[in-house]
Each structure stands twice: as C-alpha cells, then as structure tokens.
Amino acid sequence: MASQVPLKHVVIVGGGFAGVGCAQILAGSDKVHVTLVDKHNYHQFQPLFYQLATSQLTPSDVGFSLRKIFRKLPNVDIKLAEVSAVDPKNHSVTTKEGQVYKGDFLVLAAGAQANFFNTPGAAANTFPLYSMNDAERLRSRILALFEDADRDAALIDQGALNFVIVGGGATGTEIAGSLADMIHSTVTAEYEDLAVKSACIYLVERGPTLLAPFSAKAHDYASKVLHRGGVVLKLGTAVNEVHPGHVVLSEGSTIKTRCVIWGAGLKAAAVASGAGLPQGRGGRINVQHDLSVEGFPGVYALGDVANITGADGNALPQLGSVAQQSGRWAAKNILADIEGQPRTAFHYHDKGIMAMIGRNAAVAEVGEHRHELEGTVAYSMWLGVHLALLTSMQVKIETLIDWVWDYFSKGRGPQLLDRSDAGRINWYDDDTDAEKRGAA
Ligand SMILES: Cc1cc2nc3c(=O)[nH]c(=O)nc-3n(C[C@H](O)[C@H](O)[C@H](O)COP(=O)(O)OP(=O)(O)OC[C@H]3O[C@@H](n4cnc5c(N)ncnc54)[C@H](O)[C@@H]3O)c2cc1C
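Within each chain, residues carry numbers counting from 1 in the order of the written sequence. Totals for whole chains, interfaces and linings use every residue, but because this is a predicted model, local features are given only for residues with pLDDT of at least 70 and side-chain atom pairs only at 80 or more, for both listing and counting. Side-chain measures here rest on the full set of heavy atoms in the structure, leaving out hydrogens and waters.

What to know about the sheet that holds strand E23 (residues 352–358)
Move 1: Judged by pairing direction, the sheet is antiparallel, and its 3 strands sit side by side in the order E23-E24-E25 without closing on themselves. Of all the strands in the sheet, the pair left with one neighbour each is E23 and strand E25 (371–374). For this sheet, the mean inter-axis angle between neighbouring strands, taken without regard to orientation, is 10°.
Move 2: Any two strands are treated as partners once DSSP identifies two or more bridges connecting them. Elements are defined by DSSP. Helices are runs of H or I of four residues or more, strands are runs of E of two residues or more, and each kind is numbered from the N terminus. With 4 bridges joining them, strand E24 (residues 361–366) and E25 adopt antiparallel strand pairing. In the sheet register, glutamate 365 faces E25, and the bridge partner there is glutamate 372.
Move 3: Residues count as neighbours in contact if any of their non-hydrogen atoms are within 4.5 Å of one another. With axes taken as lines fitted to C-alpha atoms, and helix axes fitted only over the stretch in contact, angles between N-to-C directions fall between 0 and 180 degrees. Across the face of the sheet, helix H10 (residues 375–389) comes into contact with E23, E24 and E25 while running at roughly 65° to E24.

Some remarks on the site of the ligand
Move 1: In these notes, residues near a molecule or strand are those with any non-hydrogen atom within 4 Å of it. The local shell around the ligand holds 31 residues, among which Ala18, Asp38, Gln46, Val83 and Asp304 are the closest.
Move 2: Polar contacts, as counted here, are pairs of nitrogen or oxygen atoms within 3.5 Å of one another; within protein the pair requires one atom able to donate a hydrogen and one able to accept it, and residues that are adjacent in sequence qualify only if both atoms are side-chain atoms. Alanine 18 is positioned such that a nitrogen or oxygen atom in its backbone is 2.9 Å from an oxygen atom of the ligand.
Move 3: Here, Shrake-Rupley sampling with a 1.4 Å probe gives the accessible areas, and only protein chains in the shown set may cover a residue. Burial of the ligand by the surrounding chains reaches 93%, relative to a free accessible area of 1000 Å².
Move 4: Those elements giving two or more residues to the shell around the ligand turn out to be helix H1 (17–26), strand E2 (32–38), helix H9 (320–338) and H10.
Move 5: Looking at the shell around the ligand residue by residue, the class counts come to 14 nonpolar, 13 polar and 4 charged. We call Asp, Glu, Lys and Arg charged. Ala, Val, Leu, Ile, Met, Phe, Trp, Tyr, Cys and Pro are nonpolar, and the rest, Gly among them, are polar.

Examining the packing of aromatic side chains
The description of two aromatic rings rests on the distance between their centres and on the angle between their planes.
Move 1: Pairing of aromatic rings covers Phe, Tyr and Trp, the last counted by its six-membered ring, and requires centre-to-centre distances within 6.5 Å; plane angles under 30 degrees mean stacked, over 60 mean edge-to-face, and any other angle means tilted. One pass over the structure, following the stated rule, counts 5 aromatic pairs.
Move 2: Between the aromatic rings of phenylalanine 146 and tyrosine 191, the centroid separation amounts to 6.0 Å while the plane-to-plane angle is 45°, which identifies the pairing as tilted. With phenylalanine 146 in helix H6 (residues 132–151) and tyrosine 191 in the loop between helix H7 (170–190) and strand E13 (200–205), the pair connects residues that are 45 residues apart, well separated along the chain. The same class applies to phenylalanine 146 as to tyrosine 191, namely buried.
Move 3: Taken together, Phe146, Phe163 and Tyr191 form an aromatic cluster joined through their ring pairs. Accessible area is worked out with a 1.4 Å probe on protein chains only. A residue is then buried under 20% of its type maximum, exposed over 50%, and partly exposed in between.

Observations regarding the confidence of the model for the chain
Where the model shows low pLDDT, its predicted coordinates should not be examined in detail.
Move 1: When pLDDT is averaged along the chain, the result is 89; 91% of the residues meet or exceed 70.
Move 2: Think of pLDDT as the predictor's per-residue confidence, scored from 0 to 100. In this model residues 432–440 is a low-confidence stretch, pLDDT under 50, and it forms 13 contacts with partners more than four residues away in sequence or in other chains.

Here we look at the packing of H1 against H9
Move 1: Two elements in contact, H1 and H9, have axes separated by 7 Å at closest approach and are oriented at 35°. As H1 packs across H9, the resulting crossing turns out to be right-handed. Contact residues: Phe17, Ala18, Gly21, Cys22, Ile25 and Leu26 in H1; Gly320, Ala323, Gln324, Ser326, Gly327, Arg328, Ala331, Lys332, Ile334 and Leu335 in H9.
Move 2: Across the contact of H1 with H9, the residue classes break down as 9 nonpolar, 5 polar and 2 charged. A crossing counts as left-handed when the near helix is turned anticlockwise from the far one by less than a right angle, and as right-handed when that turn is clockwise.

What follows is the structure, encoded as structure tokens:
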C-alpha cells in the first residue's frame, strides 16, 4: 500500500478578496489543507459599502457567508476569530480567543484600516467606511439625523443636516454622490415636515482635485455631477480638527456637523505590525516579486496589507482586483513551493480604475491604456468589473439581479434605524467646545 503524503497546512488570515482568492485556488489541490481565519464570518464587498451606508443596499447584498463560499470545498476550514499576534518564523498566529493556528505556510491577507494621520479628534468623532459595521453605523447616524431634524427643526442650526466628508478619493466621492441622491430622492419624498433644502454635503479634499488618479476630464465630470447634486466642494483644504459637533478646516473656518465621514486614507491592518516583518508606506508589509516576505520563508502577504510593486516599479494601488489577483497568484506559488518548482513573479492584469459618482454617473479608465469613459457606459463597465470580483457564479447572478433591480427601481433598501450608533446618542449635548469657539 502506498504511504500517504501528509497534507501541507496553509493558514490564511483574512477572508477578503485576497484571502478568498488564495483559498479558492488552494482548495483545488489535494496536497493542502487550508485554515482561513477571519474576525467576521462573512466576506465583505467593500466597493459597495457606500450604498449600504446610504440605505441603497442591505447587508446581505455586500456580505457573503464564508462558510457558504467554501461549503463544497472540504479542504478549507473557516475559523471565526480575531488574530492578535503573528509569529512569522513559526508560521503561526494566536487569536484573541486564545487559539493558536500553525501552518507550513502563513498567508497574511488582513486588509487595511482607516488612517487618521493623527488628526485631533478624528478617531473618536468620525465615521470611517472600511467594514460592514462601519457602513451600518454610518447608515444609522444618517437616518437618525434626518429623524431628529424632522422632529425638532431647531437642531438644523446645530448642524444636524450638515454632512462633512473628508477625502475626495473614490470613497469620498462615491459617498458624496450617493448621499446627494438619497437626499434628493428618498428624503425629499418621505420626510414631509423636514426642510430638506437645509441639508448640505461638504466634500473636503486636501489636494487640488477629486479622484486624483483619474484624468483631468474625469475630475471635471465628477465635480460637475457633485455640484449639480448640491455638494459643496472644498478643494485644497484639509480638516485639521474634528470635534463632536464641528470640524475645523485648514483655512480657519468651522462647519457645524454631527456626521463626519472619514475617507481620507488607509494603513495596513494591525496584524502587519509587531511581528518584525518588513513594513513600508502605510505600515504595509513589503513583499518580494513573488509575494513572499523576504527573510521569512513560507510567509506571504497579499492585497491591501501588502506593499506590492508593479511592473513600473511603483506600488500597486489598494484595489479589489489587485487583492484578488495577488491571492490567486500566491496560491500558485505556494503549490509550486510544495512541488519543488520555482515561484513566479506576480504580474497584475490592470483592468483600469473606476468610480461611481451617483446614479447613472460614473467615470472609468479602462485597461492599461486608460481608455476614458463616463456616464452610463462607465456605470456598466463598473458593474462588469465588480461582478468579476464576486466569489461564485451563484453570488454573481443574485447580486447582479439586486443591483439592476436597485438601479431601475430607483428605490432604497429598508431605512431601518437600528441605533447601532447608540453609544453616541447624546451628540447634541457635548459641543461646549464649539460654543466657546463660536463655530459658524
Ligand atoms: C469604501 C471602499 C470602496 C472601495 N471601492 C473599490 C472599488 O470600487 N473597486 C476596487 O477595486 N476596490 C475598491 N476598494 C478597495 C478594495 O475593497 C480593497 O482593495 C480590497 O477589499 C482589499 O482586499 P483584501 O483582501 O486585501 O482586504 P479586505 O477585503 O479588507 O479583507 C481583509 C479581511 O481580513 C479580516 N481581518 C482583518 N484583521 C483581522 C484579524 N486581526 N483577524 C482576523 N481577520 C482579520 C477582515 O475581517 C477582512 O475580512 C474600496 C475600498 C473601500 C473601503
């Protein structure tokens, strides 16, 4: 009887685009067993968080059960746990709950988190948008503010309907457009007593343009669409301080607000630090061309947590497609390691960049030659590229139906206020600071 070769164990931290992409390829091999550890039991589709936050989609449209994704792949185990320590020399991780998972290979794919750049008050008083919890908390705050102002119009003078979005990249621009759509459609139709015209969205960007990586034409298009939606653009302006009831801008003025949305920057997830791994910009783990970490054989870092160099020598952007492709590539290199074959250098197939600015309004620069598109064509392109990021054909079909239905029905998902923001429910009482400063 032939002796059985023991399976190699791969521990993956993170079930995002990178971790799932990696596990799906490894699942096809009879030589490995995978343990996928995530602090959520679902895979999150971050590109649509802004639609969850503005009640356009529901949590089940943007979160997909990890167990369901891997149900038919018996060599992948899912563990719901938060990794608190990484031992890259031993390919092991320890969770907050006290378990240790040790593999022959360790794959770090834990994504990114908000970077507040030490802006005073930002961590405590803003709403970042990097997890489904963040998006639901923000949705609750937005709905609560409309309910409050509808009940007590005096709160509008305290900034109840001023929304400040920090950062004019894709996240800030998309949430600004979607919030403007929400105010003009649903809020106008459903809150009869509310002075909807008092609502104001400010989009504050330190640089001179929105959507910096895009062309000048796209910058103009995005500004025009947002302007038409009533969004006030404050370009070349930074948010210097965030207080519970107002923000202070670099030009010295203040804006009263009870809702500051933080889309200004990212840094690597916490697991990247403290384990002696080489870190670069934003704390991301520096990887070699084959996605492994120098000095730590058997350790790979992928997606947003990694600093991956592209063919032009620049760091690749933190995008779903980079994460997914790096996940699949690393899996092939792990299988090559197991079979004693050489690893290959990661080649990113660039499908382009795109951003939604509102219903029927999007910009896209497609392919490596950056063919420029806008409007409905760009919106359709966005749908195609993002559907490709979804994890299975069944999920793709169900999600496409939801998105298309949402688009044509012009409706919003259930605007249920779940008070997940309840910890800060006294948000009108704690602004003595602002009073002292005489905030505008
Ligand atoms: C609001 C927003 C909009 C975006 N829009 C687009 C877009 O339109 N197009 C595009 O291509 N990209 C977009 N992106 C970027 C894209 O979503 C990311 O690049 C991509 O999700 C990165 O994938 P990842 O697998 O590296 O990390 P993630 O998708 O962030 O997954 C990381 C996983 O690790 C888990 N994790 C983290 N820490 C731990 C821990 N300590 N223990 C256990 N598990 C942990 C998390 O729960 C998560 O499931 C957007 C991002 C955001 C935030």
